[in-house]
Amino acid sequence: MKAVLYDAPRSFAVHDVPRPSPGPGDILVKVLQSGICGTDLHIHEGNFFAEFPLIPGHEVVGTVEAAGSEVEGFVSGEAVAVNPNINCRHCEYCRSGRALLCPNLKGMGTNWPGSFAEYLTVPYQFAYSVEGIDPDVAVFTEPAACAMHGLESLGPRPGSTALIFGAGPTGLLLAQLLVHGGAAHVTVAAPTEFKLDRARALGVDETVLLDREDLGATVRKLREISGGGFDLVVEATGSALVGEQCVPLTLNGGTVLVFGVTQPSDRVSFSPYDVFRREITIRGSFAEINSFAAAIRALRSGRLRTTGLITHRFTLDDYGQALKTLQTDKSAHKIVVTV
Ligand SMILES: [Zn+2]
Ligand SMILES: [Zn+2]
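Quick look at the structure, then. (Residues numbered from 1 in each chain as written. Chains lettered and ligands numbered in written order. Predicted model: local features only at pLDDT ≥ 70, side-chain atom pairs only at ≥ 80, totals over all residues. Heavy atoms only, no water.)

**Observations regarding the sheet that holds strand β14 (residues 250-258)**
So, point 1. The strand order across the open sheet formed by six strands is β12-β11-β10-β13-β14-β15, and the pairing between neighbours is parallel. Every other strand in the sheet has two partners, leaving β12 (206-209) and β15 (281-284) as the edge strands with one partner each. Across the sheet, the axes of successive neighbouring strands diverge by a mean angle of 20°, strand direction being ignored.
So, point 2. Its contacts with the sheet place helix α6 (residues 193-201) against β11 (185-190) and β12, and it is angled at close to 175° to β12. (Pairing = 2+ DSSP bridges. Helix = DSSP H or I, 4+ residues; strand = E, 2+ residues; numbered from the N terminus. Axes fitted to C-alpha atoms, helices over the stretch in contact; angles between N-to-C directions. Contact = heavy atoms within 4.5 Å.)

Structure, rendered in structure tokens:
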């Protein structure tokens, strides 16, 4: 089968590789299409737990091609999305219901064969039916699950005001969940006007153009429109400079959510006295593991919308072009790679 195969960071080619065969508890998934994610850029550089050789790709929709003898609950040809985070089920974290903290966690497309390929195998417990959902919507299942987990991590109080820095696809899914999850007002700040247009079209109350050259001006504007700050501030850009603004923009008793992927070496400073005196909570939200079913329900009902988020499509052969477009093209939002 055809697959994008890295032998080392920044070194990949589209190869013919043996088609995987499913074990007794596995499903063989025929890939229809996969989304490219910001983390795929980190993986390209060898970060984000990447292990080589590697077939990347973790946002997949496909169909059941074959199933092992122990697989239950799926029929041949059924449309499925695959949860890419595979926990060990043995460690103390897994046994205490905190699977995402598993130190042995495997990530499809990170340190386990991923979906930029014609086929992949996965333990059937990690496959979810998306039968009847448009594949262009179902391809957002994994980012929608990450957004669901972000909402869980935030635990917003009803009537909160929220600010999200960043208007990438996952950030806009989280923004919608906040809109529908009881927030009184949701603002998105991002550096790209066309992404802010999309944010407004998806139901966000207010948008602010983030000026990276003059972050101070953006912060002043945000203070002005909010009357001082926000109950919830989400950092979804992955920029440490933006991260630096989160605590000061959070109202007393509020919560900062670290949702974007920074470089491991990045540092953000804040005043511990300020966090102490104003009882600010700082939380992290990494990926997802238990929120796939909830994400699929929200996508199926249309409560979570993806209209207009897919801006580019490439084939497997053009994976390099797809990565480059995500990196450099300001008009790229979600890029989908079809098989
Ligand atoms: Zn992703
Ligand atoms: Zn574990």
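**So, the coordination of the zinc ion (ligand 2)**
Reference values for coordination geometry: four tetrahedral donors around a metal ideally subtend 109.5 degrees, six octahedral donors ideally subtend 90 or 180 degrees.
So, point 1. Those donors, Cys88 (SG), Cys91 (SG), Cys94 (SG) and Cys102 (SG), are the protein atoms that reach the zinc ion (ligand 2), and they lie 2.3 to 2.4 Å from it.
So, point 2. Around the zinc ion (ligand 2), the four donor atoms sit at angles spanning 103 to 116°, and that spread fits a shape best called tetrahedral. (Donors = N, O, S within 2.8 Å, 3.2 Å for Na, K, Ca; no water. Tetrahedral: all angles 85-135°; square planar, octahedral: opposite > 155°, others 65-115°.)

**Observations regarding the packing of helix α4 (residues 141-154) against helix α5 (residues 169-180)**
So, point 1. Put simply, α4 and α5 touch, their axes get as near as 8 Å, and they point 50° apart. What the angle tells us is that α4 and α5 run oblique. Handedness of the crossing formed by α4 with α5: right-handed. Counting all contacts with α4, which are made through Pro143, Ala144, Cys146, Ala147, Met148, Gly150, Leu151 and Leu154, the residues of α5 involved are Thr170, Leu173, Leu174, Leu177 and Leu178. (Parallel < 35°, antiparallel > 145°, perpendicular 65-115°, else oblique. Left-handed = near helix turned anticlockwise from the far one by under 90°.)

**With respect to the coordination of the zinc ion (ligand 1)**
So, point 1. The protein atoms that coordinate the zinc ion (ligand 1) are Cys37 (SG), His58 (NE2) and Glu59 (OE), at distances of 2.2 to 2.4 Å.
So, point 2. Going along the chain, you hit the donors of the zinc ion (ligand 1) in the pattern C-x20-H-E. Pair noted here: cysteine 37 is in the loop between β3 (26-36) and α1 (38-44) and histidine 58 is in the loop between α1 and β4 (59-67), with a separation of 21 residues, a long-range link.

**Some points on the packing of aromatic side chains**
So, point 1. Going through the model one piece at a time under the given rule, you end up with nine aromatic pairs.
So, point 2. For the pair phenylalanine 49 and phenylalanine 286, a centre-to-centre distance of 6.1 Å together with 75° between the ring planes defines the contact as edge-to-face. Residue phenylalanine 49 is located in the loop between α1 and β4, and its partner phenylalanine 286 is located in the loop between β15 and α10 (292-301); the two are separated by 237 residues in the primary sequence.
So, point 3. Here phenylalanine 286 falls in the partly exposed class, since its relative accessible area comes to 31%.
So, point 4. An aromatic cluster of at least three residues, connected via ring pairs, comprises Tyr6, Phe12, Phe52, Phe116 and Tyr319.
So, point 5. One Lys or Arg, arginine 19, reaches over the ring of tyrosine 119 and ends 4.3 Å from the middle of that ring. (Phe/Tyr/Trp six-rings, centres within 6.5 Å; stacked < 30°, edge-to-face > 60°. Buried < 20%, exposed > 50% of the residue type's maximum accessible area, 1.4 Å probe, protein only. Lys NZ or Arg CZ within 6 Å of the ring centre and 35° of its normal.)

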